[in-house]
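Descriptive structure summary
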4 protein chains.
Amino acid sequence: MIKVGIVGATGYTGAELLRLLAVHPEAQVIVITSRSEQGKPVADLYPSLRGIIDLVFSLPDVDQLAQCDVVFFATPHGVAQSMVASILERGVKVIDLSADFRIRDVPTWESWYGQAHGAPELIPQAVYGLPELNREAIASANLIACPGCYPTSVQLGFLPLMEAGCIDISDLIANSASGVSGAGRQASIGALHAEVSDSFKAYAASGHRHLPEIVQGLNDMALSASGPAGGSADTSVNLTFVPHLLPINRGIHSTLYATLTDLSVDVQALFEARYADEPFVDVLPAGSHPQTNSVRGSNVCRIAVHRPNGGAKVVVLVVEDNLTKGASGQGIQCMNIICGLTENAGLAAPALLP
Amino acid sequence: MIKVGIVGATGYTGAELLRLLAVHPEAQVIVITSRSEQGKPVADLYPSLRGIIDLVFSLPDVDQLAQCDVVFFATPHGVAQSMVASILERGVKVIDLSADFRIRDVPTWESWYGQAHGAPELIPQAVYGLPELNREAIASANLIACPGCYPTSVQLGFLPLMEAGCIDISDLIANSASGVSGAGRQASIGALHAEVSDSFKAYAASGHRHLPEIVQGLNDMALSASGPAGGSADTSVNLTFVPHLLPINRGIHSTLYATLTDLSVDVQALFEARYADEPFVDVLPAGSHPQTNSVRGSNVCRIAVHRPNGGAKVVVLVVEDNLTKGASGQGIQCMNIICGLTENAGLAAPALLP
Amino acid sequence: MIKVGIVGATGYTGAELLRLLAVHPEAQVIVITSRSEQGKPVADLYPSLRGIIDLVFSLPDVDQLAQCDVVFFATPHGVAQSMVASILERGVKVIDLSADFRIRDVPTWESWYGQAHGAPELIPQAVYGLPELNREAIASANLIACPGCYPTSVQLGFLPLMEAGCIDISDLIANSASGVSGAGRQASIGALHAEVSDSFKAYAASGHRHLPEIVQGLNDMALSASGPAGGSADTSVNLTFVPHLLPINRGIHSTLYATLTDLSVDVQALFEARYADEPFVDVLPAGSHPQTNSVRGSNVCRIAVHRPNGGAKVVVLVVEDNLTKGASGQGIQCMNIICGLTENAGLAAPALLP
Amino acid sequence: MIKVGIVGATGYTGAELLRLLAVHPEAQVIVITSRSEQGKPVADLYPSLRGIIDLVFSLPDVDQLAQCDVVFFATPHGVAQSMVASILERGVKVIDLSADFRIRDVPTWESWYGQAHGAPELIPQAVYGLPELNREAIASANLIACPGCYPTSVQLGFLPLMEAGCIDISDLIANSASGVSGAGRQASIGALHAEVSDSFKAYAASGHRHLPEIVQGLNDMALSASGPAGGSADTSVNLTFVPHLLPINRGIHSTLYATLTDLSVDVQALFEARYADEPFVDVLPAGSHPQTNSVRGSNVCRIAVHRPNGGAKVVVLVVEDNLTKGASGQGIQCMNIICGLTENAGLAAPALLP
């Protein structure tokens with residue numbers, strides 16, 4: 001059994017790690033830390049885990065964490081930066097679900113997160129934990145920077161088009177909508193039921209922290225593109241990203257817009273071929289519209305591709321569960337890869353429907 | 001008191017007409033028809049109207065409807081076409097909330113609605129009931145074709161930009177999301193609570209009936225544009241329109257994307273100026289994000305404009321209540337104009353929040 | 001026009017007062033106070049009021065409030081106690097929506113609210129603002145203690161049975177469920193969308209602050225009962241009250257259980273007769289089940305009565321909007337009575353459906 | 001691997017069986033039948049099962065079903081009656097999730113379900129599938145009548161009190177509320193999102209089909225009671241049962257009321273002792289209030305017991321997932337018992353939260 005530690009398990013991504021790992025056939029959580037809930041049984045905070053997880057929150061302690069094979073960080077940004085080095089030194093693998101190591105350019109990170117980066121020297125060894133892009137690098141990584149929830153959906157949706165080099169990368173649009181668990185489990189008026197339910201809105205239309213992370217990923221894809229536009233000197237992707245808040249608990253839906261530079265491309269075939277062997281990406285039949293509840297609680301990302309009126313505009317519809325494929329499930333997928341397990345170990349259960 | 005008749009008041013737009021007209025200071029509903037519910041008190045179908053509306057559903061009858069000053073059609077498409085002529089002949093004004101007279105090009109209508117048009121000879125006299133565009137024509141019209149719910153939000157959002165001629169009309173995107181009342185009050189598995197709630201999806205990504213209506217309106221605006229692109233020979237708007245289904249009862253949110261051809265435009269000032277005198281369009285301060293619950297049950301359309309990173313892309317956020325400004329409220333606004341009443345008579349109540 | 005002031009208008013009951021008074025034909029809000037939001041336009045907090053209410057939050061000031069005819073308190077308990085005396089002195093009527101003056105027995109109040117009462121000398125002059133019970137006293141009152149949301153529904157549901165003296169008052173049960181706006185507009189984890197939505201629970205099963213208020217009211221009814229049990233020496237009502245939290249924004253549903261001591265009573269006729277002249281109580285036909293959305297945003301309380309299998313158990317189903325008939329609407333109803341207006345002035349609009 | 005067949009898998013209980021069996025370590029679904037969807041891949045109806053279940057709906061066929069070890073019926077009432085005999089004859093175990101064999105008294109069944117019973121001769125061998133009551137009988141049964149969703153929650157909540165004989169069985173109240181999936185996956189206006197969401201109501205207050213099933217179970221418990229009231233000649237339970245419709249997808253909450261005849265009973269200890277060894281009943285600490293989301297998608301039933309003010313009234317709060325412990329999960333629990341597997345095989349995953 002792989003021994004797992006979780007730092008900062010009081011939020012929704014921490015709870016999702018616990019839910020999934022509780023029935024993982026080859027991993028066991030042995031340490032859960034929380035500064036605020038020290039000494040409290042996990043099941044007191046999450047009654048859904050009564051009788052399933054018997055652990056008690058402890059203060060973060062490197063010696064204790066060093067007994068683990070893998071340590072997850074489910075903390076706000078800034079926390080992992082201050083602890084990861086000492087854990088890596090002890091030979092423990094780290095999977096960080098926060099934003100701390102996702103962006104390679106330190107000034108960019110510092111500008112969006114409004115603080116100095118606490119461990120810039122670790123950034124070069126951090127592997128971006130999107131298996132569909134980086135499976136081999138993940139397998140041998142010591143430090144995984146797990147992608148954000150929006151970035152996972154947007155990158156998986158654009159990936160086949162970017163790699164094929166068949167779209168105009170100077171004008172990409174990602175219209176995304178997320179369930180409210182993406183805002184975390186902090187008391188705030190804006191996330192109250194009476195404010196969120198039976199309503200809908202955009203937010204951060206002028207700029208969101210996930211934008212630079214997505215752009216970095218798309219630029220990487222553009223650089224390695226194999227199609228007609230590949231190898232071009234100009235790879236600066238221009239993306240307009242507008243997130244919205246859905247009155248649902250879990251789920252992200254991204255509606256992506258791009259203009260084909262090569263009208264002869266069979267986009268349906270392109271997507272099906274690209275993801276044929278991916279265990280967690282499901283390309284729907286032509287004409288489909290994925291619904292977020294089809295991935296509720298599952299690690300699957302479902303995608304459909306449309307060309308309205310057969311024109312140059314391609315519309316990609318992507319759904320994922322923001323807490324699973326968009327966070328904790330993806331982290332476990334990375335753990336499975338690192339530890340040489342079947343990639344869907346502990347991640348095989350279908351979505352909860354209805 | 002203006003005497004009002006409603007044909008086909010068993011659906012949500014009919015119920016919304018009744019809700020609003022129940023407290024309209026200068027109008028009174030005297031006839032309500034329904035083939036399926038004939039003889040049934042309205043309040044039996046809608047307990048919310050008990051003690052407020054005492055009418056009984058009757059079979060549609062031209063003599064009875066001829067006693068009205070104004071008759072609303074809240075029927076599925078195809079019904080108004082067969083009855084409007086006989087009502088107009090009796091000197092009664094008709095406000096049609098259905099799609100029957102919205103599209104001027106008959107073959108286009110017939111293609112999208114899959115049936116022959118029943119009264120093409122009436123189309124030329126039908127006035128498109130968007131007061132912000134057509135107030136004067138509405139005032140003297142006998143037949144109003146009330147805009148669809150999506151088209152109202154999309155056209156009001158693009159209008160200032162189109163009139164200013166400052167955007168590239170060959171690549172417009174409307175990413176819209178509607179509450180489930182837009183699907184009507186028919187039994188269907190797809191609209192069940194267990195299928196819709198806690199979920200989100202796009203639909204009709206390859207083409208929706210509201211697309212030709214929106215494009216017709218945008219083309220009209222392009223033709224009359226005053227800016228640099230105005231008067232251009234090529235006014236064929238190219239719009240990608242993707243509707244989505246929200247797990248809310250009422251409300252439409254449209255996120256519109258266009259590329260500025262003139263970067264010097266102050267889009268905030270442009271919108272504020274255009275709508276300064278409009279009683280039902282509220283341009284929010286720069287940096288705002290309108291929420292659908294701010295217009296729940298109200299006839300107001302709220303709009304915010306963004307230019308992410310100050311670039312060429314302009315993002316317009318529009319909210320309305322699909323049953324009010326998107327249907328019945330707009331119909332009553334037209335009635336007020338036709339009858340020379342204050343335009344917000346019966347429409348002054350603020351949104352229900354929360 | 002009646003000049004109205006509102007103390008503490010930043011919560012949901014304050015917002016509901018503003019919504020209703022905005023279109024009240026004979027009242028106008030001239031002062032709105034808030035310590036936390038001083039200087040901020042009301043419409044900045046509630047975008048739904050943009051263009052409708054132009055006031056700015058001010059610090060509570062007796063001289064300013066003295067210019068009003070009526071002042072509402074929409075404050076947490078404890079606040080009205082400290083300010084009411086100085087306002088009453090200036091000849092202004094006070095309608096308190098908080099719990100400060102609802103309970104006549106000071107030690108009981110102090111025990112449930114955990115603090116010393118700040119103005120016990122005012123309690124005797126406070127009139128409990130349930131018009132269906134106290135219409136005449138309200139008309140001449142200077143200080144109204146508006147009933148709580150649960151107490152309104154429970155008392156209106158038991159009232160005809162209590163007055164008829166036909167039930168066993170030693171074993172009453174009120175199983176109530178409230179929408180989440182009842183918890184107020186404070187940031188708390190328990191009221192987050194992700195915690196409340198798609199879920200349901202009881203709370204305070206061992207005792208809730210509204211219990212003593214309800215019991216006081218039921219005891220009063222028992223004392224004045226006209227039926228067989230009336231005038232009995234023993235009037236100590238025994239009520240089990242269990243509140244529940246509904247994943248809806250507005251609405252209370254109370255399911256009441258009592259045992260008939262007189263099986264010959266026609267409970268349907270009893271309820272219809274008792275409420276025949278009440279403008280805001282609607283007794284549904286036999287066999288009905290009221291739904292909370294039939295009173296959403298309306299001041300109406302809808303009631304149905306059942307005797308399962310025609311036995312001794314009587315089940316009363318009561319719905320109201322907790323913010324309207326359960327708080328602000330009822331307060332305005334009291335204001336109308338005090339000011340000699342039509343009782344439904346400003347309260348005539350039907351519920352918002354769907 | 002146990003070979004499983006499912007008759008009538010197009011509804012929500014069928015989908016729930018598929019969800020749970022998809023990851024059951026020792027069972028495999030080999031036949032799924034549906035008259036209406038014959039020839040259609042299961043994953044076309046339920047996209048959440050794409051890549052997980054490859055079966056195609058077939059017409060019900062006894063020879064094919066005879067290849068199974070266990071056949072589940074997830075059909076409307078009346079269907080199992082017509083097919084079970086021929087399947088049992090082939091030596092296959094049958095677990096019926098419908099109401100066909102739950103009620104032992106044939107006239108009672110026929111009265112509530114409005115049709116003649118199709119296989120009364122099988123009723124004596126049907127074992128009521130509530131493991132907490134009937135574990136041994138289930139182990140050797142050929143035909144299991146799985147309890148209804150409401151009856152499971154009400155019976156588990158009253159069971160310890162009934163067995164202890166410490167309550168007045170002549171006046172029991174069950175105030176229950178169910179998520180909308182309990183109404184099935186049929187198109188109906190009453191189950192539309194726009195009718196159900198943001199609302200709440202009671203239904204069938206004068207009598208519901210689950211009442212006789214619950215009363216039968218409670219009477220059995222009374223007959224076998226061990227406490228002071230045990231063995232009494234009068235065991236006719238009198239239960240008032242009022243179901244309500246919750247705007248949630250899954251979950252039942254029952255609030256039960258009874259009067260203690262023995263005030264010395266420690267109800268908390270009583271419940272803890274009764275359920276100490278039950279794998280799927282979790283008695284919460286004193287003072288708790290279970291929330292339905294703590295069992296969403298899980299087979300656990302959570303219970304809390306209260307005595308308001310320490311009086312004679314006992315209030316029991318019970319939550320379960322109506323599709324899991326209230327239907328398909330309980331059916332699988334029975335299958336595990338019948339087949340000698342660990343009782344929680346395939347049922348160990350925690351609830352989905354949030």
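For every chain, the first residue of the written sequence is number 1, and numbering continues from 1 along that sequence. Here the convention is simple: chains get letters from A, ligands get numbers from 1, in the order in which they are written. Residues qualify for local features only when their pLDDT is at least 70, as the model is predicted, and side-chain atom pairs are given and counted only at 80 or more; totals for whole chains, interfaces and linings, by contrast, use all residues. Hydrogen atoms and water are omitted, and side-chain values are computed over all heavy atoms in the structure.

Here we come to the relation of the copies chain D and chain A. We superpose the copies by least squares over the C-alpha atoms of residues that have a pLDDT of at least 70 in both of them. Between the two copies, chain D and chain A, the superposition gives an RMSD of 0.0 Å; the rotation angle is 180° and the shift along the axis is 0.0 Å. Taken together, the turn and the small shift mark the pair as related by a two-fold rotation axis.

Now for the relation of the copies chain A and chain B. Least-squares fitting of chain A to chain B yields an RMSD of 0.0 Å, with the superposition described by an axial translation of 0.0 Å and a rotation of 180°. Mapped onto chain B, 98% of the interface residues of chain A are again interface residues, and the two copies thus contact each other with one and the same surface. Contact criterion: two residues are considered in contact whenever any of their non-hydrogen atoms come within 4.5 Å of each other.

Here the focus is the interface of chain D and chain A. Where the parts come together, the accessible area they lose is often given as the size of the interface. Across the boundary between the two partners, chain D contributes 30 residues, which contact 30 residues of chain A. Once two parts are put together, the accessible area they lose, assessed with a 1.4 Å probe and summed over both, is termed the buried area. In total, chain D and chain A occlude about 2,500 Å² of area from one another, counting both sides; carbon and sulfur atoms represent 65% of this. On the chain D side of the interface with chain A, the three residues burying the most area are Arg50, Leu352 and Pro354 of chain D, jointly 26% of the side's total. Each salt bridge in this description consists of a side-chain nitrogen of Lys or Arg and a carboxyl oxygen of Asp or Glu lying within 4 Å of one another. Taken together, the connections running from chain D to chain A amount to two salt bridges. Close ionic contact of Asp282 of chain A with Arg50 of chain D constitutes a salt bridge, the shortest N to O distance being 2.7 Å.

On to the environment of Gly251 of chain A. Note that Gly251 of chain A resides in the loop between β9 (239–245) and β10 (252–259). In this structure the C-alpha to C-alpha distance between Gly251 of chain A and Lys40 of chain A, which are 211 residues apart in sequence, comes to 30 Å. We count a stretch as a helix when DSSP gives it H or I for four or more residues in a row; a strand needs E for two or more, and each element gets its number in order from the N terminus.

All right, on to the confidence of the model for chain A then. Within a predicted model, pLDDT stands for the predictor's per-residue confidence, ranging from 0 to 100. When pLDDT is averaged along chain A, the result is 96; 97% of the residues meet or exceed 70. Every residue in residues 229–233 of chain A is under pLDDT 50, and counting partners more than four places away or in other chains gives three contacts.

What follows is about the sheet that holds strand β6 (residues 143–145) of chain A. Residue and element names in this part refer to chain A. A pair of strands is labelled paired if DSSP reports no fewer than 2 bridges between them. Taken together, six strands build an open sheet; the order of strands is β2-β1-β3-β4-β6-β5 and the sheet is parallel. Edge strands, defined here as strands with exactly one partner in the open sheet, are β2 (27–33) and β5 (126–128). Taken pair by pair, the neighbouring strands of this sheet meet at an average axis angle of 25°, ignoring direction. Note that strand β4 (residues 93–96) and β6 share three bridges and pair parallel. Across the sheet, the residue bridging to Asp96 is Ala145, located in β6. Across the sheet, helix α11 (residues 324–338) touches β1 (2–7), β2, β3 (70–73), β4 and β6, and the angle it forms with β4 is around 160°. Here the axes come from fitting lines to C-alpha atoms, over the contacting stretch only for helices, and the angles between their N-to-C directions go from 0 to 180 degrees.

The next point concerns the domain arrangement of chain A. All names here are of chain A. In this entry, domain limits derive from an automatic or database-based domain assignment. Partitioning chain A into domains gives domain 1 (2–128) and domain 2 (150–322). One C-alpha centre belongs to domain 1, the other to domain 2; they are set 27 Å apart. For the domain 1 and domain 2 pair, buried surface summed over both sides reaches about 1,400 Å², with 48% attributable to carbon and sulfur atoms. Three residues stand out in domain 1 for area buried against domain 2, namely Tyr12, Trp112 and Tyr128, and they jointly supply 42% of the buried area on that side.

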